[in-house]
Structure formats: structure tokens, C-alpha cells
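Chain by chain, the residues run as shown.
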Amino acid sequence: MSLVAKRLALGAVTLFVVSLIIFGAVELLPGDFAEEILGQGATPEAVAAIRQELGLDRTPVTRYFDWLGSAVQGDFGVSFGNQRSVAEQLAPRFGNTLFLALVAACIAVPLALVIGVLAALYRNSIFDKVANMTTLTSISSPEFFVAYILILFLAVMNPVFPSLSNISSDLDFWTRLDRTMLPALTLTLVVTAHMMRMTRAAIINLLASPYIEMARLKGVSPARVIVRHALPNALAPIINVIALNLAYLITGVVVVEVVFVYPGVGQLFVDSVKIRDIPIVQACCLIFAATYILLNLTADVLSIITNPRLRHPK
Amino acid sequence: MSFSLDRRGLLKSGAAAGLLAATGAPLRAQPKSGGTFRLGLAGANTSDSWDGRTHSDSFMIILGHGTVFDCLTEVAADGTLKGELAESWEASPDAKVWTFNLRQGVTFHNGKPFGADDVIESLQLHTAEGAKSAAKPIVSAITEMKKLGDLQVQFTLASGNADFPFLMSDYHLLMYPAGQVEEAMANGIGTGLYKVESFEPGVRALVSRYADHYKTDAGFFDAVEAIAINDSSARMNALMTDQVDAINRVDFKTESLVRRNPRTEVFEVTGNQHYTFPMHTNTAPFNDVNVRQALKYGINRQELVDKILLGHGAVGNDHPIGPANQYFADDLEQATYDPDRAKSLLKKAGLDSLDVALSASDAAFSGAVDAAQLFQASAKDAGINIEVVREPADGYWSNVWLKKPFCACYWSGRATEDWMFSTAYEKGVPWNDSYWENERFNALLLEARAELDSGKRRDMYREMQQLTKEDGGTIVPMYANYVDAHSTKLARPDVIGNLWQMDSSRITERWSFA
């Protein structure tokens, strides 16, 4: 328990550092919100009027601590762009991103585990080689390329799924799932290789240990050896990799969301950076950082639970 | 009684507008009603709102004055002016006092009847303290707004302006219900053909046909779903895979795919949108008209149209008036690429060769840096050495435009000559990006503004275009077309508006399913 508390405290410190870095980085971007929104109409008076209205004329240090003060109390401020509260704007987008991540995870995790186990079982067979090659190819291609290939095969040549993820809150679950399918499949292709190869490697590593040899010698079938004896001991590294990839599903979807016009956090993030809507950019970054920290924490806790030696320290 | 059914008559008296509607024989059968029209649009931002004062990009221009809201007047697809919420209008002989008669029986989407108070309050929004409206110059020219009756408003202008009814069609000047403006801006309550069902800024908008609308020959869809697709490949994909029925801003590089596909069609019009290279006429060497002329003859316009616009445009003639303007002078001598003439002009200026720096960035227009490089290559033969300075896109409009003596720029054009000239060519205005001051031009500008006689105005605007071309500090090498695409499931009207993209941004109003 104390370990969890310690990790959480460390997480908070990390978040603080992240917020500092982000604020600094946004400050370094040329042009501010006033100049971006006015474009060709950026006369000095108009720029000054907007800056004053939004408080952009104060020093960066004052602005940062003002923002931090209210963020700690759960108030992320209002968006520069449309004067709506950041939380109100972010909530539905985050829900959408979570839905996409969940769908992708539901496909990718079982798929990666099964292929990984099978690849370990039939090590160096044709199946192993093909599985390795396809997953490595898909992880090595840029996401947008994978996305366009999927659009070509599953939307243009065989119209199975829509190429446009036109999601809104009033859709029923199945329509929503249908429209989320292509981005989810793209993400699946991108994250599967990592998890699958870790599963395979961890199991193969264990297969060389004496207790597995013992199990084999007493006549247990190869499948049972892997699933019953090897897998539980390989869980810790696998869980770590899965957590890392789940975090990626939430934070790394920017490109995929843009290609499929999926209304998630990533697209909001890009739009906001474009117009220098700092409150939203900051909130998005914090969400991304928090996701990583929480998922890593979960992974650590889970690996402790699955490992009796760590669960009952002497 | 005879009415000439052109702008001339309409300008003097809007009475003809009613006549036009009454006698205008249908050119095609009544379009079919029904269906949900799905639009994939670029130009959406998370900062979008129903506040017309902030509208500047295509998503909100199409949804605002083209769909959910109305203005007092409307530019028809053929370029003539007709009444929208105003039925007719009358000017005093000096074009200073304008009386507008409003349409009867119009209601807002919340049931409130429309009247004179709504007009006055809606226009006052633009001059309110701290308001950031692009239409502020239009409204601040009105010195007095008087309600003569429930359906009659009188405007007194600071100085005569024959184009005043035209200006009232500007997409910023939306009509809101008086006393409920804040609510109307939050929820999108207008008098337009469609009422808002849901709106998520930067994502999508769903609107449905408003049943008791006063326009009976428009608005043929049951509902319109506008989806924000800023990424151009995603937009093209959405049309090709039948996820949307029409898209704006076709990507030139993949345009041939749309043309090849039997289920999709491209529609494009040449309007007033033009790209420019303004030179500061108060700075050497551009203060010499011979140097300005030499540069104008040193640019290969046709090459720019072919290579930068890939043919989707027309050559410009160094003035900002385009084919969508009523007094566009297409009979002026067309400036062509003529290095020898440029060379002799340089000699006249006492120069053997010329070295200038041209600042460009793709923020000015897509392909601006490439255009500057083509300009560099073509000017070399005329003894002009152009050094192309690539500027960062961020902050281009605040740090480069108006500040660097020679740069790239774009204008979407204006509905009237006076509006365009007084925005960027009149002496001393903030956006006069060439710092041009020509006495004759500025005198003509004032004279033409208050002139109601169309024939005289035509002559004056022709002379002004000539002056801009010969003496002005702006090179206008090309007009860029509005290129959009639609599915063949839609029926395309015979005439397509060229004021803005998407049929002057009134596609939801004028189009229907086939």
C-alpha cells in the first residue's frame, strides 16, 4: 500500500514537471493566440485588445502559477477559442478516445497474446515466421500509411467499414462500433507486434528453465506446459508491455484520429495547438501524462500481485 | 412600366427584387425535396460559434449566413442582388439615406416574429464597445438607424454609398432576435431555412428544415449534417467512399481521382479570390513606377496558373476586381510576360539591373514559395534578380505582411468594387498593403461611391482598375478558382455562385437530391 502511495506522489511530481515543460514549449512557439486567430486582420490594436481580454499581457510566470493554482483545484479554466470551459469541451472527446482505445485493446491484447503463445509453441515454424514478419511490417510502417491501406481495402475496394469516423453521442453502440472499426484496426496493427513479441520472448525464455523440463518429462502436453506452467510466470513482463501499449493507444492516436476524422482528444489537441489555445493544450498534456503514470502504476501493482515472491516479501 | 432586371435597377430600388421573384420563370423543374445532405467541410475550428462577428472560415460561413441565419439582402447565384429579410429598399438621391422594407410574417426558430428592432440591435452588435467584428467598418459608416415602423428601418450614412444594399449581404451581418441575442448566439437561433439540432464546434453540426420558412423555392433537404474534415485526404476519401455528398476545397493533386470516379463530379468557378505580390510604393526601389511596371512584365502569369494552381484559375491583370464583381473590366489590355519591355522600363528608371528581396510563405497562399521561385526565374531574363526569402508561416500576417516591402499575399475579394478598393487600395487605410497613394484614384473612389447611375459608375470603376494596373503597387498574377466536388446523387443548379466556395456558400439552400 505504501508503495502505491509513494508511486502516486512521484506521479504528481512528474505531472508538475510535465506541465512546466509544456508551458515553456508553448511559450516558445512563434505567435500567440491573438495573432493566430486574427490572421491577416492582426492590427496592433486588435491584438492588444484580445491579449488584454485573455490576460496574455501578463508575464508568463504569473500566468503559469495562476493556471496551476486553479488546475490543482480541478478548474482547468476556459478555452481561449470559444469561452467554453475546458473540462466541458474535453470530457466528450476523452470519452471518445477511451472508447477507441478500448475497442482497439479488446482486439489487440487477446490477438497479441494468442499469436505470441502460438509462436512460442511452434517456434521457428512457418507460422512463427509469418506472424513475426507481418506484425513487424505493420509496426514499422507509419500509422497513416497503415490507415490508408486499410481504407483502400476495407472502405474503397470492399466497402465493409466507413472511412469516416463520424461519431456523436446519440449513436447506438453498434453503429458507433462500426464507425470506430477502421481506426481501431489501424491501432491494433500498430501495437500488436510489441506485445506479441514480448509474450513470445518471455515464454521462450521460461521454456529453457528446469521446471518446464520437469513438466515435459512427466508427460504434460506442450500446450498445457505453456498455458498452465510457463504463462503465469511470464505475466509480469507481458503486463508491463501491455500497459505501455494501452497508454500509447490513448496518447499516440493523434495521427490516426486525423486520418479518420475521429473526434477524440488527439484531434482537439492538434486543433488547439494550431490556434495556440493554451488552456486546452495544457489540459490535454496533463491527461496524456496522467494516463502514462496511472497505467504504469497499475502495471507495477499487477506484476506484484502475479508474483508470489513480491507479494510475500520476507 | 419597364424594369431592367439587372443590378442597375435593383440597386436603385429593391422593388424589382419582388418582381424578379414573381416573374422569374423556373429554368428547371422544381427540385425534389427530402433527404439528409451530408457535407464534408474544411475550415472548421474548435473556436467556432454562432456569433457572426467572428465568422471567417468556410465551415461557419456556409452554416451561418448560408443555412441557419439570414441577412437583409442576398447575392443570387447569377450575381444580382435580391432581398432576403428585406423585401425592397429605396435611396435618397445622394445615396445617403436608405429605407428598407422588411419581409412580413418572418419568424425566428424560437417563434419570435422578425421586425425592425431585430435589425437595429443585430447591426449595433458590430460597433459595440470591444466588439471584434470584421464588418465594423460597414456598420460604423451608419450614423443613424431609425425604426419607421415594425417592418421599416431607415439608415443614414456618413457619406453616400450606392453599394449599401450590397454590403448588407455580408456574411457577418446576421440577423438575431432582439433582446435574446446572447441566447441566439449560444444556440444558433436565426431565421434561416434550417434550425440547429446539435452543434459541436470543430466536429459537426446537424440542422433540420424549418417548416414555416418564407423561402418557398429553396431549402430542399430535410436535414443537413455538416462534418468538419480539415485533412484534405480524409475529405477526398469521405467523398469517394460515399460518406458525404459534397466537399469543399478539392485537393488539386488528387482531383483527377474525383473526375475519374463516375459517382463524383468536380464543380469550379472563378470568383474574386486572387493572389498578390504587394510592393511598398513608399520605399525604394518600388517608389519608381517604372520599377513596378518592370516587375509586372517580368512575371509569367500563365506559368503560375499552370504550375501553382494546376490550371484551376485565371491570369490576373494587376487589379483586385474579379469576374464576380459587377463592374469587372475584362476589356483592359492584359499584362503579359515580356522581359524586353521590362528591361526597357528598367532603363527608363535609370537601372541596368535590379536586386530585390521577395518574402513568401505558404501562409500567404498554398504554393506561395514555389510561385516566388517561378517569379525569380522568369524575372532573371529581364535583368531583375529576385532573392526569395522563405518566411515562417507562424506570425506571417503580423510580422511580414504590411512590414516587408515586397511579399506574397492573398485576398478572397469583395462583393463590390468600392469595398475592395477601400479595404486595400484607398490612401491611408490600415490594409493598404502597397502604401499606394494616387490622387485621381482616391477622388474617383469617393465620387463613384455616391453615384447611383450605373453607367457612370462603370466608367469610373473601369478607370480605377486601369489606374491600379498601371500605377498601383500590387502585382495580381492570378485569380484562384473555388474548386469543390459533389456526388452525382445531387442535382447541380444551372448557375453556381462565384462569390465564395460551395455555390457562394449557399449549397444547403440551392441544391437538392437528383
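Just so it is clear, the model here is predicted, and its values are computed rather than measured. (Residues numbered from 1 in each chain as written. Chains lettered and ligands numbered in written order. Predicted model: local features only at pLDDT ≥ 70, side-chain atom pairs only at ≥ 80, totals over all residues. Heavy atoms only, no water.)

Caption draft 1: Up close: the overall build of chain B. In terms of regular secondary structure, chain B is built from 19 helices and 21 strands. Its C-alpha atoms give chain B a radius of gyration of 23 Å, near enough to 24 Å, the size a compact globule of 514 residues would have. Projecting the C-alpha coordinates of chain B onto the three principal axes gives extents of approximately 70 × 55 × 45 Å. Sequence-distant contacts, at least 24 apart, represent 71% of the contacts inside chain B between residues at least 6 apart. (Helix = DSSP H or I, 4+ residues; strand = E, 2+ residues; numbered from the N terminus. Rg over C-alpha atoms; globule rule 2.2 N^0.38 Å. Contact = heavy atoms within 4.5 Å.)

Caption draft 2: Local environment of the nonpolar core. All names here are of chain B. Ranked by size, the top nonpolar core spans 80 residues in total, and within it Leu39, Leu72, Phe100, Phe114, Val119, Leu123 and Phe155 carry the most contacts. Counting residues per element, this core draws most heavily on helix H3 (residues 58-68), which supplies six residues. In terms of nonpolar packing, the next biggest core, distinct from the first, is built from 60 residues, Leu304, Leu346, Leu467 and Val476 among them. (Core = buried A, V, L, I, M, F, W, Y, C linked by side-chain atoms within 4.5 Å. Buried < 20%, exposed > 50% of the residue type's maximum accessible area, 1.4 Å probe, protein only.)

Caption draft 3: Structural context of the domain arrangement of chain A. Residue and element names in this part refer to chain A. Parsing chain A into structural domains produces domain 1 (2-72) and domain 2 (88-311). One C-alpha centre belongs to domain 1, the other to domain 2; they are set 32 Å apart. For the domain 1 and domain 2 pair, buried surface summed over both sides reaches about 1700 Å², with 77% attributable to carbon and sulfur atoms. Sorting the residues of domain 1 by area buried against domain 2 places Arg7, Leu15 and Trp67 first, and these three jointly supply 28% of that buried surface. Our count for the contact surface shared by domain 1 and domain 2 stands at zero salt bridges. There are zero residue pairs in polar contact (both at pLDDT 80 or more) connecting domain 1 and domain 2. Those elements that place two or more of their residues in the side of domain 1 that touches domain 2 are helix H1 (2-28) and helix H2 (33-38). (Domains from an automatic or database assignment. Buried area = accessible area lost by both parts, 1.4 Å probe. Salt bridge = Lys/Arg side-chain N within 4 Å of Asp/Glu carboxyl O. Polar contact = N/O pair within 3.5 Å; in protein donor to acceptor, adjacent residues only side chain to side chain.)

Caption draft 4: Expanded view of the confidence of the model for chain B. Within chain B, residue pLDDT values average 89, and 94% of them lie at 70 or more. Predicted complex metrics record ipTM = 0.81 and pTM = 0.84. (pLDDT = per-residue confidence, 0-100.)

Caption draft 5: Representation of the sheet that holds strand S14 (residues 313-315) of chain B within the structure. Residue and element names in this part refer to chain B. With antiparallel pairing, four strands are arranged side by side in an open sheet as S14-S18-S13-S17. A strand with exactly one partner marks an edge of an open sheet, and here the two such strands are S14 and strand S17 (409-411). This sheet shows a mean twist of 30° between the axes of neighbouring strands, independent of strand direction. Of the pairings in the sheet, the one linking strand S13 (residues 274-278) to S17 comprises three bridges and is antiparallel in character. Bridge pairing links Tyr275 to Tyr410 in S17. (Pairing = 2+ DSSP bridges. Axes fitted to C-alpha atoms, helices over the stretch in contact; angles between N-to-C directions.)

Caption draft 6: Fine view of the environment of Ala349 of chain B. Residues and elements named next belong to chain B. Looking at the element boundaries, Ala349 is found in the loop between helix H12 (339-348) and strand S15 (354-360). Assessed through its relative accessible area of 21%, Ala349 is described here as partly exposed. Separated by 44 residues in sequence, Ala349 and Ala393 have C-alpha atoms that sit 34 Å apart. Residues within four places of Ala349 in sequence aside, it is in contact with Asp288, Asn290 and Val291.

Caption draft 7: Region of interest: the packing of helix H16 (residues 439-449) of chain B against helix H17 (residues 454-471) of chain B. Residues and elements named next belong to chain B. The N-to-C vectors of H16 and H17 enclose an angle of 155°; their axes lie 10 Å apart at closest approach. In terms of orientation, H16 lies roughly antiparallel with respect to H17. In this structure, the crossing between H16 and H17 has a hand that is left-handed. Packed against H16, whose contacting residues are Arg440, Phe441, Leu444, Leu445, Glu447, Ala448 and Arg449, the element H17 presents Arg457, Met460, Tyr461, Glu463, Met464, Leu467 and Thr468 at the interface. In the contact of H16 with H17, the residues fall into eight nonpolar, one polar and five charged. (Parallel < 35°, antiparallel > 145°, perpendicular 65-115°, else oblique. Left-handed = near helix turned anticlockwise from the far one by under 90°. Nonpolar A, V, L, I, M, F, W, Y, C, P; charged D, E, K, R; others polar.)

Caption draft 8: View of empty space enclosed by the protein. Residues and elements named next belong to chain B. If you walk through the whole model with that rule in mind, you get one cavity of 30 Å³ or more. Volume-wise, the largest cavity comes out at about 60 Å³. The wall of the largest cavity is formed by twelve residues, among which Val75, Gly79, Ala324, Asn498 and Leu499 lie closest to the centre. Looking at the lining of the largest cavity residue by residue, the class counts come to seven nonpolar, four polar and one charged. (1 Å grid on protein atoms, 1.4 Å probe; cavity = no way out; pocket = protein on both sides within 12 Å on 5 of 7 lines; lining within 4 Å. Points joined across faces, edges and corners; volume = space filled by probe spheres on them.)

Caption draft 9: Molecular detail of the sheet that holds strand S4 (residues 86-91) of chain B. Residues and elements named next belong to chain B. Here we have four strands laid out as an open sheet, ordered S4-S5-S7-S6, and antiparallel in their pairing. At either margin of the open sheet sits one strand with a lone partner, and together these are S4 and strand S6 (142-149). Across the sheet, the axes of successive neighbouring strands diverge by a mean angle of 20°, strand direction being ignored. Of the strand pairs in this sheet, S6 and strand S7 (residues 152-157) are connected by six bridges, and their pairing is antiparallel. Residue Gly149 lies in a different strand from S7, and its bridge partner there is Gln152. Along the sheet face, helix H4 (residues 116-124) touches strand S5 (97-102), S6 and S7 and points at about 165° away from the line of S6.

Caption draft 10: The pattern of salt bridges, seen in detail. All names here are of chain B. This model, assessed by the stated rule, comprises 33 salt bridges over all chains. The residue Asp150 makes a salt bridge to Lys147 at a minimum N-O spacing of 3.6 Å. For Asp150, a relative accessible area of 59% gives the class exposed. Take Lys147: its relative accessible area is 37%, and that puts it in the partly exposed class. Ionic pairing is found between Asp242 and Lys489, a salt bridge with its closest N-O pair at 3.3 Å. Here Asp242 is found in the loop between helix H8 (232-240) and strand S11 (246-247), whereas its partner Lys489 is found in the loop between strand S19 (482-487) and strand S20 (490-491), with 247 residues between them in sequence. Its relative accessible area of 37% is what places Lys489 among the partly exposed residues.

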